[in-house]
Each structure stands twice: as C-alpha cells, then as structure tokens.
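Chain and residue survey
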Amino acid sequence: MLANPVEVARDAIEADSARRAEAAEARRVYEDDGEAVTRHDLERYINDRTRRDRIGAFAHLAQCNNLVRRIIDDKVSPVYAQSPTRKTDPESAQKALSALVTESSLDAKHDKALRLSEDQGAACEMFRYVPRLKSVVVDVIPIDRMTVIPDPDDNLRELAVAYARPIRQRVGNQTITVNHWVVWDDEQVFTLDENFRRVNMVGPDGKYYTALTKANGQHPGVLPFVVVHSTERAGTYWNVTAGRSLVATHKAITFLLASAIRLVKVQGHQEKVLTGDPSNFPKNQTLDPEQLLIAGAGNTINAISNATDPAHFLKVADAITMAVGANHGLNRELLNAQVRTETDSVALLEHRQRIIKRAGWLEQQAFEKLKVAASAHDDPEKRIPEATRLSVD
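What counts, and where the lines are drawn
Residues numbered from 1 in each chain as written. Predicted model: local features only at pLDDT ≥ 70, side-chain atom pairs only at ≥ 80, totals over all residues. Heavy atoms only, no water. Helix = DSSP H or I, 4+ residues; strand = E, 2+ residues; numbered from the N terminus. Buried < 20%, exposed > 50% of the residue type's maximum accessible area, 1.4 Å probe, protein only. Areas by Shrake-Rupley, 256 points an atom, 1.4 Å probe, with all protein chains shown as cover. Lys, Arg positive; Asp, Glu negative; His and termini not counted. Charge placed at Lys NZ, Arg CZ, Asp CG, Glu CD. Pairing = 2+ DSSP bridges. Axes fitted to C-alpha atoms, helices over the stretch in contact; angles between N-to-C directions. Contact = heavy atoms within 4.5 Å. 1 Å grid on protein atoms, 1.4 Å probe; cavity = no way out; pocket = protein on both sides within 12 Å on 5 of 7 lines; lining within 4 Å. Points joined across faces, edges and corners; volume = space filled by probe spheres on them. Nonpolar A, V, L, I, M, F, W, Y, C, P; charged D, E, K, R; others polar. Parallel < 35°, antiparallel > 145°, perpendicular 65-115°, else oblique.

**Quick look at the overall build of the protein**
Scanning the protein for helices and strands turns up 11 helices and 15 strands. Taken along the three principal axes of its C-alpha coordinates, the protein extends 95 × 65 × 40 Å. Counting across all 393 residues of the protein, residues that qualify as buried make up 42%. Accessible surface computed for the protein: about 21400 Å², of which carbon and sulfur atoms make up 50%. Between the mean site of the 51 positive side-chain charges and the mean site of the 54 negative ones, the protein shows a separation of 3 Å.

Shown next as structure tokens:
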C-alpha cells in the first residue's frame, strides 16, 4: 500500500510525462497518425521557415508508406491468427473459461497488446467485471496512458498503477477533454482530477466512495493489470529505448518522401516562358498541361524543361527500408511478398518465436487476473475456481 498515496501518485505521474510523450509518438506512428511527428521533425532539422512549410505541406502524403506498421504486423499477426488451445485443470472449468474468452474477446485483446508492446516496448491489459454489462471486460491500455510506481524491493514489479481516463467538461461556452487519473495499489483505488485532487468514484455496488478499499468490500485485493514487455529488462521498470529505432525509421522515410514529393511538384514539369508583349497576353487562362494557351498578337510561348529526378531521395528511403526490414527478419522478397523458399523467412520465424514465448507468459498471467475478475460474475457458470490451472498449446 502507498504511503501518502495522493502525493506519491502525483509526483510519479508528473515525473513520467516525458516517457509517456515518447510512447505516444510511437503509437501515433503505428496507428497511421504520424503526420504531426513528421512536422515536428521538420521543425527540428530545417531552420528556414519558408522551406520547412513548403516541405511540410506534403507531410500527410509522406505517411503513405508505414514501414513500422508493416514490420510489427508481419511479426505479430500469425500469433493469434487462430485461437490457441487452452486447457484447464480440472477440466470442469473448461466451459467457464471458453465462455469468458468469448465474452471478453480475449484473443483480440492479446493480439492488440502484443502489437503495442512491439511498438511502444510494453502494453498493459486490465481485467474487470462490469455488473451493468454482466460481462468481464479486458481493456488494453497503451503505456502512454499510464504510469507505474515500481515496488521498491523489486523494480520490475508494480506497487501501484495509475491510468488516464478522459473526462469531458464544460468550461464557459466550450467543452474540453481533461485527464483524470485512476490510481490502484493492492488495497485501494482512488481517482485524481486534472489538478491531482481526489474525486469521488462509483463502486461496483453503485455507491460513491472517496476510495474503493478492501474494508468497504469494493477492492479485489490484487492489481488487475498485466503488463507485457517486448524485451527483458535490467534494473528499471520501463525499457524506454525499446522501439526507438522503428520510430526513427518512420521519421527518416517520411522526411525523404515529403522532400521527394515536393521536388516532383515544383520541378517535375515544364515552365512556360512568354516572348513578346505581356499586355497582349489574354488574362485568366488556366495553366494546365491539357489546356491550350492563347499567346496573343505577336507573342510566342516556349517551354523550358525544369524536371528533376527525385531518385536520390527514393534510393536513400529504399536503402533504409531494406536495412531496417532485415533487422526484423524481413528481407526484400518478404517486404514485397515474394517469399521463394522457407529459408528466406528463418530470421522472421526467430522473431516470431520470441513473440510466441511472450504470448505464453501473457496467457498465464492473464488467466490469473481473469479468475479474479470473473469471481464477481452474475453467472455462476462463468466463475473459475481459484485453484484452477491453465495449459496453453
């Protein structure tokens, strides 16, 4: 249990803001929302505002090739392409487990968590029973939306977890969204507003409490979270550098693509030159390759080729794509969906084996949390005895 819980939670959340911001950037890239990331980098690398704005106008088009998503999805997608075989001991709990897996969409949640862990370095699942829905709900919480207070005796374990809950508020004539923070430790749950002041929360029984505790029967006595990490950690709870190379890859490629697209736009066509008297040139004509121009009496129009090949930008982008793909087991044939032999994919299979091993760990940890959440289920046939064990194939 936390000592001075409000102060400890506030300090931890504030101190963790830089890590959350970096993790949010990684998630935006993976979820095809990387335009702001590209624009931010243009400000970092191009000092001249005019040039920066001109290239930035094509930042949204540069998102067309999301190598980060391609790599992560190729590595993770087969793991839960088919539901694993889950067997309970004793077998009498099998029906309850199968029902809960379907009810909570557990396969899809595990799949999402593994993809986010590859992208951000970790992902969190939260298991809870919602009486109104009469259902066990599994939330996948991105790590940019949460802060962990590590156990002082083991920095790799969670002593407490705080996650952000967006709240819509009316301020004057505007409706804004602010984050409230829900803080869990092993004995209580409480909510802090955007100014880190306690606010009442509704318990499972529908009543309001300043905190849900073991004493008022509103706390399960354990943290309902499972945090899966993409790599083994050493001494610190978060591996903050995990996934940075993929984000850097996206930044480099989109920078090059935005530059190449702009080059095609400004130098990929012929310039028109008028020779003669400009006053005789008819006004309000459309400049378009398919539109004839009227030069006017005594005038001639000549074309000057201004085309520039953007190949140098594209070659660098291609080289980065191939190098980063190889780092993750995807050679050129795999990236182009042209696998010719089984040996072509050996490196990719090794990456997947590590993910499958991590998925096995996730299954076991999730099963323990699922049992606790389901213990409050309205349907007694969906409750799993505490002593039940799980095997996964």
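The structure having been displayed, the exposition proceeds.
**Observations regarding the sheet that holds strand β2 (residues 122-130)**
The strand order across the open sheet formed by 3 strands is β3-β2-β12, and the pairing between neighbours is antiparallel. Of all strands in the sheet, those bounded by a partner on one side alone are β3 (135-142) and β12 (225-229). Here the strands of the sheet are splayed against their neighbours by 20° on average, with no regard to which way each runs. Taken together, the 5 bridges between β2 and β12 define a ladder with antiparallel strand orientation. For Ala122, the partnering residue across the bridge sits in β12 and is His229. Relative to β12, helix α11 (residues 346-374) is tilted by about 175°, and along the sheet it contacts β2, β3 and β12.

**Considerations on the layout of surface pockets**
Its boundaries defined by the atoms lining it, the largest pocket holds a volume of some 1000 Å³. Lining the largest pocket are 38 residues, with Met126, Arg128, Tyr129, Trp184 and Pro204 positioned closest to its centre. Contributing elements (two or more residues each) for the lining of the largest pocket: β2, β3, β5 (154-171), β6 (174-184), β7 (188-192), β9 (201-202) and α11. Broken down by element, the lining of the largest pocket gets its largest block of residues, 5 residues, from β2. Its residues placed into classes, the lining of the largest pocket shows 25 nonpolar, 8 polar and 5 charged. Approximately 720 Å³ is the volume found for the second largest pocket. Looking at the second largest pocket, it is lined by 23 residues, and the ones nearest its centre are Glu158, Val226, Val227, Trp361 and Gln365. Contributions of two or more residues to the lining of the second largest pocket are made by β5, β12 and α11. Looking at which element gives the most residues to the lining of the second largest pocket, the answer is α11, with 8 residues. Residues of the lining of the second largest pocket, tallied by class, amount to 10 nonpolar, 4 polar and 9 charged.

**Section: the packing of helix α3 (residues 35-45) against helix α8 (residues 244-267)**
Taken N-terminus to C-terminus, the directions of α3 and α8 make an angle of 75°; their axes are 10 Å apart at the nearest point. Judged by the inter-axis angle, α3 sits roughly perpendicular to α8. Of the residues in α8, those in contact with Val37, Thr38, Asp41, Leu42 and Tyr45 of α3 are His250, Lys251, Thr254 and Phe255. Per-class residue counts for the contact of α3 with α8 are 4 nonpolar, 3 polar and 2 charged.

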